[in-house]
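Spelled out from the first residue to the last, the chains are:
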Amino acid sequence: MSRRWPLTGLVLAVLWLFVRGVELTPIRILEEFVIGLGVGMGIAFFFRRFYSDDASIARSARVAPFVLLYLLTFLWELLTANVDVARRTLSPSMPIDPAVVEVPLRVRTPMAITTIANSITLTPGTLTMDYDDETNTLYVHSIDGSDPAATLEPIRRWEDYALVIFDEELKPGDPAPQARVSAENDPAAATTGGEQHG
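A. Structural view of the packing of aromatic side chains. One pass over the full model with this rule turns up 2 aromatic pairs. Ring geometry for Phe-74 against Trp-158: centres 6.1 Å apart, planes inclined by 50 degrees, an arrangement best described as tilted. Of the two residues, Phe-74 is situated in helix α3 (residues 57–90) and Trp-158 in helix α5 (residues 148–165); the sequence distance between them amounts to 84 residues. A single burial state applies to Phe-74 and to Trp-158, both of which are buried. Among the aromatic residues, those joined into a cluster by ring pairs are Tyr-70, Phe-74 and Trp-158.

Next up, the structure:
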């Protein structure tokens, strides 16, 4: 067993990169990570009395690959979404069909929900508008609602990884709740998009 607060500080440093929306160059990522490390370690040390002192090294080793997968998936979505939005900007004739997708989540912990919500917002073309605590649902605005599955697919992948990272009750592969898609110009006209994950 080892002290938990340095691990928490490291996680906060990674989250710092997500919140800052860093330019995807090695030097900028390194610079922001060092800043995030300073901020994260300071916060984690200051609040170290609010959580248990020890963390399992075995659990940290088990979770590390999922953290890496989450980051790689996020970076890929960030890159492809930037290209897609740039294409739409440069080609005004491309269809834009905005919609709001209600995404019921399997994750329950505040940290997991916040991480996924921030990942959605930091990805160009999508924005987390709201969260319903009673139904554990994110409301996601998408620039192109013509293909709800394309909006949901990265969110469900992030959620699979988050279920392990944040030690959730459900596991990857457990069925995902149904999503609901509403046209932006007609919120009353909604269709249910059934999805089973696994």
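B. Looking closely at the confidence of the model for the chain. Overall, the predicted model of the chain reaches an average pLDDT of 82, with 85% of residues at or above 70. In this model, residues 185–198 is a region of pLDDT below 50 whose contacts with residues beyond four sequence positions or in other chains number 31 contacts.

C. Here's a closer look at the layout of surface pockets. Within this model, the second largest pocket holds a volume of roughly 380 Å³. Lining the second largest pocket are 20 residues, and of these Asp-84, Thr-126, Ser-142, Ala-150 and Thr-151 lie nearest its centre. Looking at the lining of the second largest pocket, the elements that each hand over two or more residues are α3 and α5. Examining the composition of the lining of the second largest pocket, we find that 6 residues originate from one element, α3, more than from any other. Its residues placed into classes, the lining of the second largest pocket shows 9 nonpolar, 6 polar and 5 charged.

D. A look at helix α4 (residues 110–122). The end-to-end C-alpha separation of α4 is 18 Å, in line with the 18 Å expected for 13 residues at 1.5 Å each. Taken together, the buried positions of α4 are Ala-112, Ile-113, Thr-115, Ile-116, Ala-117, Ser-119 and Ile-120.

E. Inspection of the nonpolar core at higher detail. In terms of nonpolar packing, the biggest core is built from 28 residues, with Tyr-70, Val-103, Val-107, Ile-116, Ile-120, Leu-138 and Ile-155 touching the most fellow members. Secondary structure elements with two or more residues in this core: α1 (5–20), α3, β3 (99–104), α4, β5 (137–142), α5 and β6 (179–183). For this core, the leading source of residues is α5, giving 7 residues. Apart from the residues lying within four places of it in its own chain, the contact partners of Val-103 are Asn-136, Thr-137, Leu-138, Val-140, Leu-152, Ile-155 and Arg-156.

F. Highlighting the packing of α1 against α4. As a packed pair, α1 and α4 sit with axes 9 Å apart at the nearest point and diverge in direction by 30 degrees. In terms of orientation, α1 lies roughly parallel with respect to α4. Along its contact with α1, which presents Leu-12, Leu-15, Phe-18 and Val-19, the element α4 presents Met-111, Thr-115, Asn-118, Ser-119 and Leu-122. Across the contact of α1 with α4, the residue classes break down as 6 nonpolar, 3 polar and no charged.

G. Broad picture of the environment of Ala-81. Examined against the element boundaries, Ala-81 turns out to sit in helix α3. In this structure Ala-81 touches Thr-123 and Pro-124, once residues within four positions along its chain are discounted.

Criteria and cut-off values
Here, residues in each chain are numbered from 1, in the same order as that chain's written sequence. The predicted origin of the model limits local features to residues at a pLDDT of at least 70 and limits the giving and counting of side-chain atom pairs to 80 or more, whereas totals for whole chains, interfaces and linings rest on all residues. Here the side-chain values reflect all heavy atoms present in the structure, with hydrogen atoms and water set aside. Note on ring pairs: Phe, Tyr and Trp rings are taken, using the six-membered ring of Trp, and paired if centres are within 6.5 Å. Classes follow the plane angle, with under 30 degrees stacked, over 60 edge-to-face and the rest tilted. Think of it this way: any DSSP run of H or I at least four residues long counts as a helix, any run of E at least two long counts as a strand, and we number them from the N terminus. Using a 1.4 Å probe on the protein chains alone, a residue whose accessible area is under 20% of its type maximum counts as buried, one over 50% counts as exposed, and one in between counts as partly exposed. The pLDDT value expresses, per residue, how confident the predictor is, ranging between 0 and 100. Throughout, a residue-residue contact means that at least one pair of heavy atoms, one from each residue, lies within 4.5 Å. A 1.4 Å probe that fits but cannot get out identifies a cavity on a 1 Å grid over protein atoms alone, an open set with protein on both sides within 12 Å along at least five of seven lines counts as a pocket, and a residue lines either if it has an atom within 4 Å of a point. Grid points are joined across faces, edges and corners, and a volume is the space filled by probe spheres set on the points. The nonpolar class holds Ala, Val, Leu, Ile, Met, Phe, Trp, Tyr, Cys and Pro. Asp, Glu, Lys and Arg form the charged class, and all remaining residues, Gly among them, are polar. The span expected for a helix works out to 1.5 Å for each residue beyond the first. The criterion is simple. A nonpolar core is a set of buried Ala, Val, Leu, Ile, Met, Phe, Trp, Tyr and Cys residues joined through side-chain atoms within 4.5 Å. Axis definition: a line fit to C-alpha positions, over the contact stretch in the case of helices; interaxial angles, taken between N-to-C directions, run 0 to 180 degrees. Between 65 and 115 degrees an angle is taken as roughly perpendicular, under 35 as roughly parallel, over 145 as roughly antiparallel, and anywhere else as oblique.

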